[in-house]
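# Observations on the model geometry
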Amino acid sequence: MQHSHVLPTSCDPLPPRFISRLAGFADLFTRPTWSNVLVLLAGVILAPGRRTVTAALRILGRDRDPAFCTFHRILNRATWSSRAMARQLLTLLVKVLLPSNAPVVIGIDDTIERRWGAKISARGIYRDPVRSSKGHFVKASGLRWLSAMLLVRVPWADRVMALPFLTLLAPSKRFYTGKSRAPKTLLDWARQAALQIHRWLPDRYIVLVADSAFAAIEFLAAVRNHVCVVTRLRLDANLFDFPPQRRKGRGRPPIKGKRQKKLSAVLVDRKVSWQRHRVSLWYGRTNRIVEIATGAALWYRGGVPPVPIRWLLVRDPKGELDPQAFLATDLNAHPRDILAWFVSRWQVEVTFEEVRAHLGVETQRQWSDKAILRTTPVLLGLFSIVTLWANDLAKSRKLKPRAAAWYPKKVLTFSDAIAAVRREIWHHQISFMSRPRRDSIEIPRHIWQRMENALAHAA
């Protein structure tokens with residue numbers, strides 16, 4: 001049963017269809033806070049440039065509001081749980097975009113939010129993944145975030161998108177200096193995130209896709225009974241056969257069998273059976289033919305219990321790309337599914353770029369610890385909310401990409417989605433904020449359309 005403050009009214013800053021989609025989030029706030037949250041959401045979506053609280057108020061015409069501190073308190077003082085918000089968002093995304101029997105594929109990766117300031121206690125110095133290369137190391141000052149994103153095909157985009165729902169601050173080891181808490185590594189945060197997602201979706205088959213930074217035996221052993229992890233595998237990894245089920249004689253049973261060939265040796269073994277497979281979006285090509293080989297093994301390192309995996313070798317028959325190896329902790333996973341799941345992980349990087357370009361990540365200016373912990377996860381989650389709103393709009397009318405004579409754009413991207421959402425918000429606010437005729441001016445339609453287009457696509 002919905003509370004009364006969930007129901008939209010004519011003076012709300014967001015259209016009724018948008019507020020109805022957020023009905024499940026309203027119960028996580030008090031009634032006054034929820035009404036202010038809707039104002040802040042509308043302002044953040046409409047505002048170009050920096051996504052500060054003051055920018056959100058200015059775009060809504062509230063720059064003379066004496067109660068502006070109330071909106072700052074939503075982030076630095078108000079009582080609400082970002083974890084509960086993440087759970088509600090994941091449940092909503094799965095319900096709207098995934099069939100009940102489909103696997104829940106989740107991409108997980110870390111990113112650096114470049115920030116400076118002595119008051120930011122969690123700030124650290126990290127390797128900049130964008131500016132660095134194999135032979136060039138660049139440092140960046142900022143906050144390290146670990147984000148979990150649902151990898152799902154979105155109908156209006158007709159492609160797989162990475163939709164963030166859970167983002168955790170993962171500070172460096174220096175942050176824990178002088179504190180009673182033991183330092184937590186990035187793998188510790190990833191393990192907790194994986195187990196948390198499993199508790200939220202106990203009846204679903206969950207696939208966690210990550211890059212080589214998460215290819216650690218300890219991490220795989222901790223979560224493999226709850227989620228299937230797909231990640232990269234070194235070509236020189238120590239792989240072994242499974243131990244025999246029965247063993248004669250006394251003593252402890254073996255934990256591993258005979259040593260298998262290195263995957264680098266499997267690549268040149270003529271006895272290995274390779275199968276051809278067509279992959280979409282593999283290193284910039286829509287359809288690329290690759291050859292795959294697979295097998296099961298125990299991945300073992302001294303002092304750590306072995307982890308059963310299914311390994312997958314991928315090579316380019318044309319020799320343009322280097323061979324690569326992947327693993328899945330589910331031995332029954334199909335090789336083609338493993339490859340498709342890992343390829344979809346590349347959309348995580350696209351989302352990180354989109355939230356910087358269109359939602360102002362790295363432009364916020366909060367100094368409070370609580371506000372910092374909340375702002376970036378909210379902006380990343382807003383990417384998913386805008387995607388859902390665009391999906392609702394696409395059901396009632398056809399969304400068109402922003403094209404030009406010199407740019408024949410044919411596919412919809414997130415910039416088109418947020419532009420459609422902004423237009424809907426502007427039309428709603430104009431309709432309920434209309435004034436008598438003496439306060440109105442007439443604007444030619446073609447000029448208004450140019451103004452509307454500039455506002456909708458402002459980054």
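See above for the structure.
Thresholds, definitions, all that
- Residues numbered from 1 in each chain as written.
- Predicted model: local features only at pLDDT ≥ 70, side-chain atom pairs only at ≥ 80, totals over all residues.
- Heavy atoms only, no water.
- Helix = DSSP H or I, 4+ residues; strand = E, 2+ residues; numbered from the N terminus.
- Rg over C-alpha atoms; globule rule 2.2 N^0.38 Å.
- Buried < 20%, exposed > 50% of the residue type's maximum accessible area, 1.4 Å probe, protein only.
- Areas by Shrake-Rupley, 256 points an atom, 1.4 Å probe, with all protein chains shown as cover.
- Lys, Arg positive; Asp, Glu negative; His and termini not counted.
- Charge placed at Lys NZ, Arg CZ, Asp CG, Glu CD.
- Salt bridge = Lys/Arg side-chain N within 4 Å of Asp/Glu carboxyl O.
- Phe/Tyr/Trp six-rings, centres within 6.5 Å; stacked < 30°, edge-to-face > 60°.
- Contact = heavy atoms within 4.5 Å.
- 1 Å grid on protein atoms, 1.4 Å probe; cavity = no way out; pocket = protein on both sides within 12 Å on 5 of 7 lines; lining within 4 Å.
- Points joined across faces, edges and corners; volume = space filled by probe spheres on them.
- Arc of directions from axis to C-beta.
- Pairing = 2+ DSSP bridges.
- Right-handed = clockwise from strand over helix to strand, strands pointing away.
- Expected span 1.5 Å × (residues − 1).
- Core = buried A, V, L, I, M, F, W, Y, C linked by side-chain atoms within 4.5 Å.

On to the overall build of the chain. The helix and strand tally for the chain stands at 14 helices and 11 strands. By the compact-globule yardstick of 23 Å for 459 residues, the chain fits well, its C-alpha radius of gyration being 25 Å. Taken along its principal axes, the extent of the C-alpha atoms in the chain is 95 × 60 × 50 Å. Within the span of the chain, comprising 459 residues, buried residues form 50% of the whole. If you sum the accessible surface of the chain, you get close to 24400 Å²; carbon and sulfur atoms cover 53% of it. For the chain, the centre of its 75 positive side-chain charges and the centre of its 33 negative side-chain charges are spaced 4 Å apart.

As a further point, take the pattern of salt bridges. On inspection of all chains with the given rule, the structure shows 18 salt bridges. With its nearest N and O atoms 3.5 Å apart, the salt bridge here joins R276 to E291. Residue R276 is found in strand β8 (residues 275–282), and its partner E291 is found in strand β9 (residues 285–301); the two are separated by 15 residues along the sequence. When its relative accessible area of 55% is taken as the criterion, R276 is described as exposed. Under the relative-accessibility criterion, E291 is labelled buried at 12%. It is possible to trace a salt-bridge network through shared partners that takes in R114, D128, R356 and E362.

Time to look at the packing of aromatic side chains. Applying the stated criterion across every chain, the model contains eight aromatic pairs. Centre to centre, the rings of F18 and W389 are 4.5 Å apart; their planes meet at 10°, and the pair counts as stacked. Of this pair, F18 sits in helix α1 (residues 16–21) while W389 sits in helix α12 (residues 369–396); the two residues are 371 residues apart in sequence, bridging distant segments of the chain. Of the two residues examined, F18 and W389, each falls in the buried class.

On to unusual backbone geometry. Notably, D158 is not glycine yet its phi reads approximately 55°, a positive angle. Inspection of the secondary structure assignment puts D158 in the loop between β3 (139–154) and β4 (159–169). The backbone of E362 shows a phi angle near 85°, a positive value even though the residue is not glycine. Taking relative accessible area as the criterion, E362 reaches 18% and is therefore assigned buried.

Its place among the elements puts D27 in the loop between α2 (23–26) and α3 (31–46). Each C-alpha atom, one on D27 and one on T70, is 19 Å from the other, the two residues being 43 residues apart in sequence.

Looking now at the side chain of R345. For R345, the position within the fold is in the loop between α10 (335–344) and α11 (347–358). The contact partners of R345, leaving out residues within four places of it in the chain, are D109, L151, V209, A210 and D211.

Okay, the layout of surface pockets next. Quantified by volume, the second largest pocket comes out at close to 920 Å³. Lining the second largest pocket are 23 residues, and of these D109, R127, P129, D211 and E349 lie nearest its centre. Looking at the lining of the second largest pocket, the elements with two or more residues in it are β1 (104–114), β2 (124–127) and α11. The element best represented in the lining of the second largest pocket is β1, accounting for five residues.

For the rest of this paragraph, the subject is the side chain of D392. Among the secondary structure elements, D392 is positioned in helix α12. Its relative accessible area of 13% is what places D392 among the buried residues. If we ignore the near neighbours within four places in the chain, the residues touching D392 are R17 and R21.

What sets the pattern is the α-helix's 3.6 residues per turn: residues three or four places apart point alike. Along helix α5 (residues 69–76), the residues that are buried comprise F71, I74 and L75. The buried residues of α5 occupy one face: seen down the axis, they fall within an arc of 90°.

With that settled, the discussion passes to the pairing of β4. Among the 11 residues that make up β4, eight are buried, leaving the element largely enclosed by the rest of the structure. For β3 and β4, the ladder comprises 10 bridges, and the chain directions are antiparallel. Considered in β4, the bridge of V152 is made with M161. Between the end of β3 and the start of β4, which pair antiparallel, lie four residues, with D158 showing a positive phi angle near 55°.

Here the focus is the pairing of strand β6 (residues 228–232). Here β6 lies mainly inside the structure; four of its five residues are buried. In the sheet, strand β5 (residues 206–209) pairs with β6 via three bridges, with the strands oriented parallel. Across the sheet, residue V209 finds its bridge partner in β6, namely V230. In this region the chain leaves β5, passes through helix α8 (residues 217–223) and returns to the parallel neighbour β6; the handedness of that crossover is right-handed. Relative to strand β11 (residues 324–328), β6 runs antiparallel, the two being bridged by three bridges. Bridging across to β11, V230 finds its partner in A328.

Our focus in this paragraph is α12. Taking 1.5 Å of rise per residue, the 28 residues of α12 would be expected to cover 40 Å, and the 42 Å separating its terminal C-alpha atoms lies within 8% of that figure. When you tally the buried positions in α12, you get 21 out of 28 residues, the bulk of the element.

This part takes up the nonpolar core. Formed by 141 residues in total, the largest nonpolar core has its most connected members in F165 and L339. Considering each element in turn, this core owes the most residues, 12 residues, to α12. Excluding anything up to four places from it in sequence, F165 contacts A86, L89, L90, L93, I106, A148, M149, L150, I197 and W200.

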